[in-house]
Amino acid sequence: MAGIYIHIPFCKRACHYCDFHFSTSFQKKDEMIGIIVKEILLQTGYLEGQGIGTIYFGGGTPSAVPPSDIKMIIDTIGQKFNVSADVEITLETNPDDIRAEALMAWSEIGINRLSIGIQAFQEDLLKAWNRSHTSGQAKDAIALSQQAGFINITADLIYGGQGLTDEDWIQNVQTLIDSGIPHISSYALTVEKGTALAHQISVGKVKAPEDEQSNRQYSILQSMLKLNGFEQYEVSNFSKPGLESKHNMSYWSGAHYLGIGPSAHSFNGVSRQWNIANNIKYIHSLDEDIIPFEKEMLTDEQRYNEIVMTGLRTSHGIDMNRVKGIDVRFEKYLNDVIHDLKLEEKLFKNEFGNWTLKPEYYFFADGIAAELFYSPG
Ligand code: SF4
């Protein structure tokens, strides 16, 4: 099964740490939705008739546009693609957009998974990050979503941020556990170039996040969620059994996906492409029936590196069948490098025969993956 990602590039405010592609001006919103529909019509061949198992609305803030816009996009996909009867359709939302009427409308148009961007429950932190919602709105958003009948709900939390004490952190994780939602995603605060946060740090207004604090809070997160019946199926993702994000799982398992909208990425097994990250240029180009993207053909080495990178972040491990599928020399390379770098103590072979990172090393997954990347000679 393949997936479709739709990038809705509008946010009410710019969160200070965020470097995703979005605009805070909604002036071009109607034009953008029409053009996104047009791109879908132009891309009907990309997935070569594969069934669609997941549709994911990300951004930006998809909940900030009316449900009728989202419906138009879902209807277009339904008309042009072979969408599975049990398709997972996720909508990323911000708490201040979650109201009873919106929830009813989202449910009616087929949204069956909500991702709520909560990040923290401390008012001072939400303000410091320029989030558009309050802590009270975040709690209400979860309760309202549950009352509206949504079961498949995930929420995001950020750890390691300036001013987030361990007590605050424990309280944030506990609040989500107590809410009864079955899925939690959590990310370390990172300082991305060009963001307001990077500027605040450079002028000494804010302290840079420290690895030690992030690592400690990550361990707290892992143990609290494990104790409460969550399975860690990826470095940043925890779910009750059977309620993993199918969409994200498909990225990590090498499934093909089509990305629609400015800055969206697509992958078809042999190449990767990404649309221009500029709303005006994206609209103008599609006005002329041209999809503005750049493309990279993947070499065998790049495909191997990707399998290592994504696999090491999941509890499924590095899929050795996929590694061998590129070329058996990569299987030998991986086994040799693990042996030479004495990484056996951090990794184990799981029931599928896949090299898998021990959860206590998940915090260092990207660095360990880099050591396993292919480097000739
Ligand atoms: S709402 Fe999300 S996408 Fe928009 S600026 Fe904030 S973090 Fe970034």
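Residues numbered from 1 in each chain as written. Predicted model: local features only at pLDDT ≥ 70, side-chain atom pairs only at ≥ 80, totals over all residues. Heavy atoms only, no water.

The name given to the chain in an unreviewed UniProt entry is Heme chaperone HemW, with Candidatus Opimibacter skivensis as the source organism. The Cofactor (unreviewed entry) comment attached to the chain in UniProt states, word for word, "[4Fe-4S] cluster". As stated in UniProt under Subcellular location (unreviewed entry), the record for the chain gives "Cytoplasm". (UniProt positions renumbered as here; feature names shortened; annotations may be inferred.)

It is worth spelling out the side chain of Lys29 at this point. The topology assignment puts Lys29 in helix H1 (residues 29–42). Among the polar contacts listed, one links the side chain of Lys29 to the side chain of Asp30, at a separation of 2.6 Å. Those residues in contact with Lys29 that sit more than four places away from it in its chain are Phe10, Val65, Pro66 and Asp69. (Helix = DSSP H or I, 4+ residues; strand = E, 2+ residues; numbered from the N terminus. Polar contact = N/O pair within 3.5 Å; in protein donor to acceptor, adjacent residues only side chain to side chain. Contact = heavy atoms within 4.5 Å.)

Moving on: the pairing of strand E11 (residues 271–275). Counting buried residues in E11 gives four out of five residues, a clear majority hidden from the surface. Taken together, the three bridges between strand E10 (residues 265–267) and E11 define a ladder with antiparallel strand orientation. Note on E11: the bridge partner recorded for His265 is Trp274. A loop of three residues connects E10 with E11, the two strands running antiparallel in sequence, and Gly269 in this loop sits at a positive phi of about 95°. (Buried < 20%, exposed > 50% of the residue type's maximum accessible area, 1.4 Å probe, protein only. Pairing = 2+ DSSP bridges.)

Between helix H11 (residues 300–312) and helix H14 (residues 365–372), whose axes approach to 9 Å, the crossing angle comes to 150°. Relative to H14, H11 is oriented roughly antiparallel. Judged by the twist between their axes, the crossing of H11 over H14 is right-handed. Residues Tyr304, Val308, Met309 and Leu312 of H11 form the contact with H14, whose own contacting residues are Ala365, Asp366, Ile368, Ala369 and Leu372. (Axes fitted to C-alpha atoms, helices over the stretch in contact; angles between N-to-C directions. Parallel < 35°, antiparallel > 145°, perpendicular 65-115°, else oblique. Left-handed = near helix turned anticlockwise from the far one by under 90°.)

Here, UniProt's "domain: KA1" (unreviewed entry) annotation points to residues 284–343. Taken end to end, residues 284–343 is 62% helix and 8% strand, and its two terminal C-alpha atoms sit 50 Å from one another.

Tallied over the entire structure, the rule returns 15 aromatic pairs. On the numbers, 5.7 Å between centres and 40° between planes, the contact of Tyr159 with Tyr218 is tilted. Note that Tyr159 is positioned in strand E5 (residues 153–159) and Tyr218 in helix H8 (residues 211–227), a separation of 59 residues in sequence. Across the pair, exposure class does not vary: Tyr159 and Tyr218 are buried alike. Among the aromatic side chains, those forming a connected cluster through ring pairs are Tyr159, Trp169, Tyr218, Phe363 and Phe364. Over the ring of Phe230 we find Lys240, and its NZ or CZ is 4.6 Å from the ring centre. (Phe/Tyr/Trp six-rings, centres within 6.5 Å; stacked < 30°, edge-to-face > 60°. Lys NZ or Arg CZ within 6 Å of the ring centre and 35° of its normal.)

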